[in-house]
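Overview (structure and organization)
Listed below are the residues making up each chain.
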Amino acid sequence: MPGIAMRRAVRRCNRLYREVRLVAQALKSPRHPVFAHMVVTRRCNLACTYCSEFDTFSKPVPIEEMVRRVDRLAALGTTAVTLTGGETLLHPQLEEIIARIRSHGMIVVMITNGYLLSVERIKKLNKAGLDRMQISIDNVKPDAVSMKSLKVLDQKLRWLAEHAEFPVHIHSVVGAGTAEPEDALIIAKRATELGLGSSAGIVHDPTGHIEPIDQRSRNVLEEIERLSKPLFSFARHNPWRKNLLEGRPNDWHCPAGGRHIYICENGLVHYCMAQRGYPAKPLAEYTQEDIDRESKTPKSCAPYCTIFCVHRVALLDRIRENPREALVQLFPAPEPGQAKPPLPVRALTAAFSSQKSSRSTELFRKAALRILNLH
Ligand code: SF4
Ligand code: SF4
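Once that is clear, we can look at the site of ligand 1. Neighbouring ligand 1 are Cys44, Leu46, Ala47, Cys48, Cys51, Glu53, Phe54, Gly85, Gly86, Glu87, Asn113 and Lys148. Taken together, the residues of the shell around ligand 1 break down into 6 nonpolar, 3 polar and 3 charged.

Below, the discussion takes up helix 2 (residues 63–75). The end-to-end C-alpha distance of helix 2, which contains 13 residues, comes to 18 Å, matching closely the 18 Å that a straight helix rising 1.5 Å per residue would cover. Met66, Arg69, Val70 and Leu73 are the residues of helix 2 that are buried. Viewed along the axis of helix 2, the buried residues span an arc of 100°, placing them on a single side of the element. Of the residues in helix 2, the exposed ones pointing more than 90 degrees away from the buried face are Glu64 and Ala75. On its buried face, helix 2 sits against strand 1 (35–39), strand 2 (80–84), helix 3 (94–103) and strand 7 (260–263). Gly77 lies just past helix 2 and shows a positive phi near 90°.

One open sheet holds the 9 strands; their spatial order is 6-5-4-3-2-1-7-8-9, and the pairing between them is mixed. Looking along the sheet, the strands with just one partner apiece sit at the ends: strand 6 (197–202) and strand 9 (279–282). For this sheet, the mean angle separating the axes of adjacent strands, direction not counted, is 25°. Taken strand by strand, helix 6 (residues 182–193) contacts strand 5 (168–174) and strand 6, and its axis lies near 170° from that of strand 5.

A separate point is the pairing of strand 3 (residues 107–112). Within strand 3, 5 of the 6 residues are buried, which leaves the element mostly enclosed by the surrounding structure. In this structure, strand 2 lies alongside strand 3, joined through 4 bridges in parallel fashion. Bridge pairing in strand 3 links Ala80 to Ile107. For the handedness criterion, the β-α-β arrangement of strand 2, helix 3 and strand 3 is classed as right-handed. For strand 3 and strand 4 (residues 132–136), the ladder comprises 4 bridges, and the chain directions are parallel.

Leu94, Ile97, Ile98, Arg100 and Ile101 are the residues of helix 3 that are buried. Angularly, the buried residues of helix 3 cover 160° about the axis, an arc narrow enough to put them on a single face. On its buried face, helix 3 sits against helix 2, strand 2, strand 3 and helix 4 (119–128). Positive phi shows up at Gly105, right after helix 3, with a value of about 80°.

Considering the arrangement of structural elements, one finds Val39 in strand 1. In the structure, Val39 is positioned 225 residues away from Cys264 in sequence and 5.2 Å away in space, judged by C-alpha atoms. When sequence neighbours within four positions are dropped, the list of residues in contact with Val39 reads Thr84, Gly85, Gly86, Ile263, Cys264 and Glu265.

Moving on to the pairing of strand 5. Buried residues dominate strand 5, accounting for 5 of its 7 residues. Relative to strand 5, strand 4 is paired through 4 bridges, and the arrangement is parallel. Note on strand 5: the bridge partner recorded for Ile135 is Ile170. In this view, the connection linking strand 4 to its parallel neighbour strand 5 by way of helix 5 (residues 150–163) has right-handed handedness. Summarising the sheet, strand 5 and strand 6 pair through 6 bridges and their orientation is parallel. Across the sheet, residue Ile170 finds its bridge partner in strand 6, namely Ser198.

Moving on, we get to the packing of helix 1 (residues 4–28) against helix 11 (residues 308–321). The description of two packed helices rests on the angle between their axes and on the distance between the axes. The contact between helix 1 and helix 11 brings their axes to 8 Å, and the two run at 55°. By the angle between their axes, helix 1 is oblique relative to helix 11. Here helix 1 and helix 11 pass one another in a crossing that is right-handed. Contacts between helix 1 and helix 11 involve Val23, Ala26 and Leu27 from the former and Val313, Leu316, Ile319 and Arg320 from the latter. Split by residue class, the contact of helix 1 with helix 11 holds 6 nonpolar, no polar and 1 charged.

What you tend to see is this: most non-glycine residues have negative phi, and most peptide bonds are trans. Cis geometry is adopted by the peptide bond preceding Gly86, which originates at Gly85 and carries an omega value of 20°. For the bond from Tyr278 to Pro279, the omega torsion is -15°, close enough to zero to count as cis. Looking at where Pro279 falls in the secondary structure, it is placed in strand 9.

Quick look at the packing of helix 4 against helix 5 now. Interaxial distance between helix 4 and helix 5 falls to 10 Å at its minimum, and their mutual angle equals 40°. As summarised for this structure, helix 4 and helix 5 are arranged oblique, according to the angle between their axes. Classified by chirality, the crossing of helix 5 by helix 4 is right-handed. Where helix 4 approaches helix 5, its residues Val119, Ile122 and Lys123 are matched on the opposing element by Trp159, Leu160 and His163. Within the contact of helix 4 with helix 5, the residues separate by chemical class into 4 nonpolar, 1 polar and 1 charged.

Rules of the game
Residues numbered from 1 in each chain as written. Chains lettered and ligands numbered in written order. Predicted model: local features only at pLDDT ≥ 70, side-chain atom pairs only at ≥ 80, totals over all residues. Near = placed C-beta within 6 Å. Nonpolar A, V, L, I, M, F, W, Y, C, P; charged D, E, K, R; others polar. Helix = DSSP H or I, 4+ residues; strand = E, 2+ residues; numbered from the N terminus. Expected span 1.5 Å × (residues − 1). Buried ≥ 20, exposed ≤ 12 C-beta atoms within 10 Å, placed from the backbone. Arc of directions from axis to C-beta. Contact = placed C-beta atoms within 7 Å. Pairing = 2+ DSSP bridges. Axes fitted to C-alpha atoms, helices over the stretch in contact; angles between N-to-C directions. Right-handed = clockwise from strand over helix to strand, strands pointing away. Parallel < 35°, antiparallel > 145°, perpendicular 65-115°, else oblique. Left-handed = near helix turned anticlockwise from the far one by under 90°.

Shown next, in the form of structure tokens:
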């Protein structure tokens, strides 16, 4: 049996192929959900005081129903599914759900507070084919606001560093009512030390609007961004994030309800976790017409929205519709030492977004479609 380094390398290649394919599909067509967030149970084993996403009593969504929902997402052409809660690890058949998503060729990510992780559970998640895991950690030591603490979770992170065949990303929210914004930096440094990814977001209120953060918190965010040096960082290249940090609104179109959908525990489709209640139609009855209509519907909450996964798909749409303008906005002339997008992103963008194409672009586009199995 190959060692973990070899298994990780093989899975990394496979994941990269499928992620490039996701981008190519999004650039090729505006008519399918790129990202879906799906709740597997509303129940959580913790009770963070700032959270409006959990209860203490709901049962897990039955596996037969989860399978039906996964199959319906695949039929709508969804390319990536993020499993969320409540606490995802409270679902006793989580691995079956993950395997079902993978069986359709979709990318599968899970969000967890990490409390219920064990070596055995990590190995089961490997086997099921999990693509990525995000763990939220709020502080260094537990306090009255949040128990999601580095002190409590460090052993789990060490197990993940040793056994997980999927990338693990530690996410902290600055301004989440935690006493010390510098905690987020300590958490990010520990993640880096263990070879795990890290990022920090900005706290938003239950409607998805940003809450003001002070200069101290901003400095922490900037330092965390400097810690992780990927070729391309969405946080670093998100043209709307800077405005939000400075308290200014953004002029963008939110495609939620079409390009990004949120499915609650009752199987209803909502725009996002912050805007539950719209359009609140059962996933089983959600159609291409719904996707097309909701993608185009203006959302009054957009100017101050902090839901970055929806920003991400909106940027892909912007690149497809108006590549030159979007790329200039996304990647202003790089200053010395500043990151450029990775070559595959630039090549795919050029191939799929140009309206008037030369013969060589056309040939490249055809070859890419064939390699990505999209022709
Ligand atoms: S662990 Fe997550 S879902 Fe549970 S209460 Fe805290 S923030 Fe909410
Ligand atoms: S703008 Fe879109 S993603 Fe943001 S809160 Fe509103 S509906 Fe949700």
